[in-house]
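The primary structure of each chain is shown beneath.
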Amino acid sequence: MNGVDPSTDDQTDTLGRIDGVGDTHRALGAFLRARRGRVAPENVGLAGGRRRRVRGLRREELAQLAGISVDYYVRLEQGRATQPSPEVLDALARALGLGTAARGHLATLAAARRGPAPRARVSPVLQRVLDSMTQMPAFATDHRLDVVAWNGLGAELIGGLADPARRDPNNARYLFLDPASRVVHPEWRDRAAEAVGQLRVAAGNYPDDAELTALITELSARSAEFREIWASGEIVMCAAGRKQLRHPVAGLLTLDFETLHVPAAPGETGLVVHVFSAEEHTPEATALAELAAAVADA
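Cut-offs applied
- Residues numbered from 1 in each chain as written.
- Predicted model: local features only at pLDDT ≥ 70, side-chain atom pairs only at ≥ 80, totals over all residues.
- Heavy atoms only, no water.
- Helix = DSSP H or I, 4+ residues; strand = E, 2+ residues; numbered from the N terminus.
- Rg over C-alpha atoms; globule rule 2.2 N^0.38 Å.
- Buried < 20%, exposed > 50% of the residue type's maximum accessible area, 1.4 Å probe, protein only.
- Contact = heavy atoms within 4.5 Å.
- Areas by Shrake-Rupley, 256 points an atom, 1.4 Å probe, with all protein chains shown as cover.
- Lys, Arg positive; Asp, Glu negative; His and termini not counted.
- Charge placed at Lys NZ, Arg CZ, Asp CG, Glu CD.
- Phe/Tyr/Trp six-rings, centres within 6.5 Å; stacked < 30°, edge-to-face > 60°.
- Lys NZ or Arg CZ within 6 Å of the ring centre and 35° of its normal.
- Pairing = 2+ DSSP bridges.
- Core = buried A, V, L, I, M, F, W, Y, C linked by side-chain atoms within 4.5 Å.
- Axes fitted to C-alpha atoms, helices over the stretch in contact; angles between N-to-C directions.
- Left-handed = near helix turned anticlockwise from the far one by under 90°.
- Nonpolar A, V, L, I, M, F, W, Y, C, P; charged D, E, K, R; others polar.
- Salt bridge = Lys/Arg side-chain N within 4 Å of Asp/Glu carboxyl O.
- Polar contact = N/O pair within 3.5 Å; in protein donor to acceptor, adjacent residues only side chain to side chain.
- Expected span 1.5 Å × (residues − 1).

1. Focus on the overall build of the protein chain
From N to C terminus, the protein chain includes 14 helices and five strands. Whereas a compact globule of 298 residues would reach a radius of gyration of roughly 19 Å, the protein chain reaches 21 Å, a difference of no more than 12%. Within the protein chain, the fraction of its 298 residues that count as buried is 47%. Long-range contacts, defined as pairs at least 24 residues apart, comprise 57% of the intrachain contacts of the protein chain with a sequence gap of at least 6. For the protein chain, the accessible area works out to roughly 14,500 Å², and carbon and sulfur atoms hold 52% of it. Between the averaged position of the 35 positive side-chain charges in the protein chain and that of its 38 negative side-chain charges there is a distance of 8 Å.

Quick look at the structure:
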C-alpha cells in the first residue's frame, strides 16, 4: 500500500463519487480524514519515521491530541456520531491546525443542515451595475461557480464568456476540463485550489443540491487534479489581492481584484461579484482601456 492508509486516501469511487458529498452523515468524517492526512506527526510532537503505514496522523493520535476518546473519534469519522459539541469541534480544529475558513466549514458539517438547493437570480439592478463598469472587468458567480452575470470587459478577459462555444460558463468545469484555462490563468494551480475550496464549502452548506453533487462527481471522475486537490481537504477562500490573466491581444496582465457579496433573498443563494482593476498610469491600465474600447466597438 506504499505506506498510505487507504482510509485517508481513497475518497473517490470508480464512478467519481466523493465520500461525504451529498451525505451529511459522512461529510464530517470525510473532511476529518482528509485533514488528519495533512498533519505531519513530527510537527505535533509525535514520532514519525518511514515505517508508518498512515499518511499524517492515525485516528488514535488525533483523538489524543484533541483530548477525546478514540472510540468517539472513530464514530465521528464513520458518521455514527453526529452534531459534536462546540468544545469538541474546537479541540479537533486546534489539533488539526485549521485556519478560520476551515474551522467554519467544520462547524457547518457538524450542524448537518438540510434544505432545498437555492436558486440564483440576477436582478436587473445588479446587471445594470455590472454594465456600468465599462473600464473594469467584472462577473458574478453563484455557489456552484456558475458565472451567472458579467459585463463586456469581464466576458472578454476571462475566456470569452459571452460565447458559449468558447468556454464553459461554470468556472470549475472550465478550469479543470478546458486546456484553454491554463493559458488564461498562468497561476492555474492557485485558481484551481480556490475553485475546489469554494465547491467544498458549498457542498457543506447545500448537501441536498443535486446539481452541485453532480458537478463535483463529474469533475472527480474526469480530472485527477481535481481529485488530488479535493483529497487534501483544502479550504481556500480568496477575497482580494492580485491575479494574473492572459488575453490574446492585451497580453499578460497583473490586476487587483475584489470580491463583493450580494446578499441572498429568501429561497435564493447570494452571489459573489468579482471585480478587476488596474492602478492608474500603469501598462495594465492602458491595456485594459484599449481592450474596453475594442469591446465597446465590437
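Having seen the model, we can carry on.
2. Digging into the packing of aromatic side chains
This model, assessed by the stated rule, comprises five aromatic pairs. Consider the rings of Phe176 and Phe226, whose centres lie 5.2 Å apart with planes at 85 degrees: the pair is edge-to-face. Of this pair, Phe176 sits in helix H9 (residues 171-177) while Phe226 sits in helix H13 (residues 224-231), and the two are 50 residues apart along the sequence. Residue Phe176 is classed as buried on the basis of its relative accessible area of 7%. Members of the aromatic cluster, joined through ring pairs, are Phe176, Trp188, Phe226 and Trp230. Above the face of the Tyr174 ring, Arg167 is positioned so that its terminal group lies 3.8 Å from the ring centre.

3. Here's the deal with the pairing of strand S3 (residues 240-247)
Across eight bridges, the pairing between S3 and strand S4 (residues 251-262) is antiparallel. Across the sheet, Lys243 pairs through a bridge with Leu255, a residue of S4. Hairpin connection of S3 to S4: three residues between the antiparallel strands.

4. Some words on the nonpolar core
Formed by 29 residues in total, the largest nonpolar core has its most connected members in Leu32, Ile68, Tyr73, Leu76, Leu92 and Leu106. Every element with two or more residues in this core is listed here: helix H2 (24-36), helix H3 (59-66), helix H4 (70-77), helix H5 (86-96) and helix H6 (100-111). Broken down by element, this core gets its largest block of residues, seven residues, from H5. With 20 residues, the next largest nonpolar core counts Ala172, Ala195, Val196 and Phe226 among its residues.

5. So, the packing of H3 against H4
In contact at an axis separation of 9 Å, H3 and H4 are set at 115 degrees when each is read in the N-to-C sense. Note on packing geometry: the crossing formed by H3 with H4 is right-handed. Contact with H3, carried on its side by Arg59, Glu60, Leu62 and Ala63, involves Val70, Tyr73, Val74 and Glu77 of H4 and no other residues of that element. Classifying every residue of the contact of H3 with H4 by side-chain character gives five nonpolar, no polar and three charged.

6. Structural notes on the pattern of salt bridges
Inspection of the entire model under this criterion finds 22 salt bridges. For Arg94, the salt bridge identified is with Asp90, shortest N-O distance 2.3 Å. Placement of the pair is Arg94 and Asp90 together in helix H5, with a separation of four residues, close to one helical turn. For Arg94, a relative accessible area of 52% corresponds to the exposed category.

7. Describing the side chain of Arg200
Position of Arg200 among the secondary structure elements: in helix H11 (residues 188-205). Here Arg200 occupies a buried position and makes no salt bridge, while the nearest side chain of opposite charge, Glu234, is found at 8.4 Å. A polar side-chain atom of Arg200 sits 2.3 Å from the main-chain carbonyl oxygen of Trp230. Look past the residues within four positions of Arg200 in its chain and what remains in contact with it is Phe31, His105, Trp230, Ala231, Gly233, Glu234 and Ile235.

8. Here's the deal with the sheet that holds strand S1 (residues 138-141)
What the five strands build is an open sheet, ordered S2-S1-S5-S4-S3; its pairing is antiparallel. Strand pairing shows two members of the sheet lacking a second neighbour, strand S2 (147-150) and S3, which therefore form its edges. Ignoring strand direction, the axes of neighbouring strands in this sheet form an average angle of 30 degrees. Contacts from helix H14 (residues 283-297) reach S3, S4 and strand S5 (271-277), with the element oriented near 80 degrees to S4.

9. Comments concerning H6
With twelve residues, H6 extends 17 Å between its outermost C-alpha atoms, agreeing within 8% with the 16 Å of an ideal straight helix rising 1.5 Å per residue. Taken as a whole, H6 has its buried residues at Ala102, His105, Leu106, Thr108, Leu109 and Ala110.

10. Structural notes on the pairing of S4
Here S4 pairs with S5 via seven bridges, running antiparallel. Note on S5: the bridge partner recorded for Phe257 is Phe276.

Everything listed here is a matter of coordinates, which is why it stays silent on function.
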